[in-house]
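Chain by chain, the residues:
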Amino acid sequence: MDLTVWRTFVTVCRVGSLSAAAAELHHTQSAVSRQIAGLERQFGVPLVERHARGVRPTPAGEVFRRHALATLNEADRAVRAVRDVRDGVGDRPLAIGATPSLAAGIVPEAVRGLLKQVGPVRWSLLPGLSAQLHGRVIAGDLDVAVVTDAPPGLAADPRVARRFLGLDEMVVVLPSGHPRAGRGPVCMGALADETWVEDNDGSAALLRQHAARAGVSARIDLAAADLPGKLALVATGHAIALIPGVLTCALRADVTTMPLVDPPTRGIYAITPRRDPHPGAVPLLDQLTTAFSSVRPGRLEHPPTGADARAAASPLHDAIGETPHGSREQRLDAHRP
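None of these values were measured; they are calculated from a predicted model.

Note on aromatic pairs: each is described by the distance of the centres and the angle between the planes. With the rule as written, the count across this model stands at four aromatic pairs. Measuring from ring centre to ring centre gives 5.2 Å for Phe9 and Phe64, while their planes differ by 45°; the resulting arrangement is tilted. One end of the pair, Phe9, is in helix 1 (residues 3–15); the other, Phe64, is in helix 4 (residues 59–87), and 55 residues separate them in sequence. Of the two residues, Phe9 and Phe64, neither departs from the other in class, the shared state being buried. Given a relative accessible area of 11%, Phe64 falls into the buried group. Among the aromatic side chains, those forming a connected cluster through ring pairs are Trp6, Phe9, Phe43 and Phe64. A cation sits over an aromatic face here: Arg162 above Tyr269, 5.2 Å from the ring centre.

Have a look at this one:
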């Protein structure tokens, strides 16, 4: 069993391209092709198929990918454990993932609270989108991921536990010199003539849904590669944007925020693997709840129902349902007893 070849196959499936996998693994494309072909001869069945944008696993390839990924993760953990013993390090690092807004918002404060509570802990932080982070938790790369149910939502998965942290109201971010800077809540219809910028599909979907409820269209004329790029376009006066409320305390000085009437909201969750949870996960979840409450006070005054009620009441619970996203009133109605 050659784990190097297995890793090549998993990488090809993840990036969807032989050439991209070769570049990431520092191989030639022909070497990657030979490794995949060797696996297919070994199993006697095609494992990948070509399509217009690259390659993807066949049904047999997808089955193998899942098992190969689990095996590789276990092998990596074994290597790290042995090295930790060799180096005299007893505890494994706490691997944390978070969406960009939460990585800049509540996660640093929560980790500070954790370190004060339990003492020194080795930890790492990986930003990413919710779906990507969910996959990294399943793969064993992350011990805790702080994610949102913004479109396309969170997948129900029995392999993870989910804790509801609270509801986050979206706000509009403006350049500090904008005519509406410093004003109170505004209706979406009053912003119909504005140019908007977005950096991901989930935030853009929330904006379009909110605009549609107000009977207007949001002109998303600009696209940014990431959150800093989005804020840079706002700061220089090219557009306004919809951002999570948790970011308000971490914004640059040349932008300001404005609340919306009946704003769109998103649920904030922490997810952890059901198998082999890190001992630091539970105290971190408590600190995440505290950190969210400090930056978005009052957002848990209407406790969630069903699965989310169990999430708010216990440190870990099964991910068994979706939380609707929409306006604040729609979300609060859905969470009222």
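Right, picking up where we left off after that structure.
With that out of the way, let us pick up the confidence of the model for the chain. Looking at the chain as a whole, its pLDDT mean stands at 84, while 86% of the residues score no less than 70. Strand 5 (residues 144–148) holds the highest mean pLDDT among the elements of the chain, 96, whereas strand 12 (residues 318–319) holds the lowest, 34. Every residue in residues 300–337 scores below 50 in pLDDT, and together they form 96 contacts with partners more than four places removed in sequence or on other chains.

Here strand 7 (residues 195–198) pairs with strand 8 (residues 219–223) via four bridges, running parallel. Within the sheet, the bridge partner assigned to Thr195 lies in strand 8 and is Arg219. Traced from strand 7 through helix 8 (residues 201–213) to strand 8, the parallel crossover comes out right-handed.

This part covers helix 4. With 29 residues, helix 4 should reach 42 Å at 1.5 Å per residue; the first-to-last C-alpha distance of 42 Å fits that figure. Listed in full, the buried residues belonging to helix 4 are Gly61, Phe64, Ala68, Leu72, Asn73 and Asp84. Tucked inside the fold, the buried residues of helix 4 contact helix 1, helix 3 (29–43), strand 2 (54–57) and helix 7 (130–139).

Turning next to the nonpolar core. Inside soluble globular proteins, nonpolar side chains tend to come together where they are buried. In this structure, Ile106, Val107, Val146, Leu284 and Leu288 are the most contacted members of the largest nonpolar core, which totals 22 residues. Where this core is concerned, the elements lending two or more residues are strand 3 (94–98), helix 5 (100–104), helix 6 (106–118), strand 5, strand 11 (264–273) and helix 10 (281–295). Residue contributions to this core peak at six residues, all from helix 10. Not counting chain neighbours up to four residues away, the residues in contact with Ile106 comprise Val146, Leu165, Val246, Leu288, Ala291, Phe292 and Val295.

With that settled, the discussion passes to the environment of Val45. Relative to the helices and strands, Val45 is located in the loop between helix 3 and strand 1 (48–51). In this structure the C-alpha to C-alpha distance between Val45 and Thr58, which are 13 residues apart in sequence, comes to 9.3 Å.

With that settled, consider the pattern of salt bridges. Under the definition given, this model contains 14 salt bridges. A salt bridge links Asp286 to Arg163, with the nearest nitrogen and oxygen atoms 2.9 Å apart. Of this pair, Asp286 sits in helix 10 while Arg163 sits in strand 6 (residues 157–175), and the two are 123 residues apart along the sequence. By relative accessible area, which is 34% here, Asp286 ends up partly exposed. For Arg163, a relative accessible area of 8% corresponds to the buried category. In this structure, Asp199 and Lys230 form a salt bridge, with 3.4 Å as the shortest nitrogen-oxygen distance. On the criterion of sequence distance, the pair formed by Asp199 in the loop between strand 7 and helix 8 and Lys230 in helix 9 (residues 227–235) is long-range, its members being 31 residues apart. On the basis of relative accessible area, Lys230 is assigned to the buried category, the value being 2%. Overlapping salt bridges bring together Glu62, Arg65 and Arg66 as one network.

Scoring rules and cut-offs
Residues numbered from 1 in each chain as written. Predicted model: local features only at pLDDT ≥ 70, side-chain atom pairs only at ≥ 80, totals over all residues. Heavy atoms only, no water. Phe/Tyr/Trp six-rings, centres within 6.5 Å; stacked < 30°, edge-to-face > 60°. Helix = DSSP H or I, 4+ residues; strand = E, 2+ residues; numbered from the N terminus. Buried < 20%, exposed > 50% of the residue type's maximum accessible area, 1.4 Å probe, protein only. Lys NZ or Arg CZ within 6 Å of the ring centre and 35° of its normal. pLDDT = per-residue confidence, 0-100. Contact = heavy atoms within 4.5 Å. Pairing = 2+ DSSP bridges. Right-handed = clockwise from strand over helix to strand, strands pointing away. Expected span 1.5 Å × (residues − 1). Core = buried A, V, L, I, M, F, W, Y, C linked by side-chain atoms within 4.5 Å. Salt bridge = Lys/Arg side-chain N within 4 Å of Asp/Glu carboxyl O.

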